[in-house]
Protein chains: 2
Amino acid sequence: MYVIHVHVQAKPEFVEEFRAATVENARNSVNEPGVVRFDVYQQEDDPTRFVLVEVYKSPDDHPKHRETAHYLTWRDTVTDMMAAARTAVRYNNIFPQDSDWK
Amino acid sequence: MYVIHVHVQAKPEFVEEFRAATVENARNSVNEPGVVRFDVYQQEDDPTRFVLVEVYKSPDDHPKHRETAHYLTWRDTVTDMMAAARTAVRYNNIFPQDSDWK
């Protein structure tokens with residue numbers, strides 16, 4: 001598995017709209033053949049901050065995600081909702097081992 | 001679900017030992033009744049950095065985790081392996097909705 005954590009801060013007035021658009025993107029993303037998980041979390045002590053935990057079967061599945069209609073819609077929809085550029089951190093999976101993922 | 005991301009930087013000479021101790025802790029943690037996931041990832045561009053994605057059924061399940069023998073062993077084992085104090089960020093779950101978690 002190949003994991004990307006995307007950190008986003010929404011403008012306060014767009015938190016609910018950002019959340020709705022991001023859930024819609026996640027709902028579609030989990031149906032991609034290369035996507036294992038696409039979790040969305042909202043920071044407890046600062047609800048303007050979100051993290052997307054994107055788990056791909058391989059690094060090659062990430063660029064495929066970025067070509068999908070739902071990703072492109074999300075990207076364009078949230079552009080003006082963000083307080084700052086989003087950041088991404090890439091990880092290799094350690095546990096559970098790949099064969100134990102569900 | 002209640003999610004905690006724990007960020008840890010290991011001293012370079014302890015990366016493999018830290019990784020092994022953390023996998024052992026994760027293997028035991030996933031058997032706790034209040035733990036839904038306990039993933040361990042290693043940062044691609046800096047293998048000394050790890051993140052633990054801990055998913056609990058409720059906020060109350062986190063202090064229970066911290067009372068387990070495997071947590072206490074891990075905590076004491078890794079104390080001198082860390083390059084800096086670890087940090088934790090707490091999140092509320094947005095997607096998938098709690099009933100869809102597995």
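First things first, this report covers the structure right here in the doc. A quick note: this is a predicted structure, and the numbers were derived from the prediction, not measured. (Residues numbered from 1 in each chain as written. Chains lettered and ligands numbered in written order. Predicted model: local features only at pLDDT ≥ 70, side-chain atom pairs only at ≥ 80, totals over all residues.)

**Things to note about the interface of chain B and chain A**
Counting residues at the interface gives 21 residues for chain B and 21 residues for chain A. Going through the elements one at a time, helix H1 (15–29), strand E2 (35–43), strand E3 (49–56) and strand E4 (87–95) of chain B are the ones with two or more residues in the side of chain B that touches chain A. A per-element tally of the side of chain B that touches chain A places E4 of chain B first, with 7 residues. Class assignment for the residues of the side of chain B that touches chain A results in 11 nonpolar, 4 polar and 6 charged. In this structure, strand E2 (residues 35–43) of chain A lies alongside E4 of chain B, joined through 4 bridges in antiparallel fashion. Paired with Gln43 of chain A across the bridge in E4 of chain B is Tyr91 of chain B. (Contact = placed C-beta atoms within 7 Å. Helix = DSSP H or I, 4+ residues; strand = E, 2+ residues; numbered from the N terminus. Nonpolar A, V, L, I, M, F, W, Y, C, P; charged D, E, K, R; others polar. Pairing = 2+ DSSP bridges.)

**Observations regarding the relation of the copies chain B and chain A**
Superposition record for chain B on chain A: RMSD 0.0 Å, screw rotation 180°, translation along axis 0.0 Å. Both copies of the chain, as the preceding transformation shows, are related through a two-fold rotation axis. Judged by C-alpha distance, Lys102 of chain B is the residue of chain B that lies nearest the rotation axis, at 3.8 Å. A high fraction, 100%, of the interface residues of chain B reappear at the interface in chain A, so the copies pair face to face through one surface. (Least-squares fit on C-alpha atoms with pLDDT ≥ 70 in both.)

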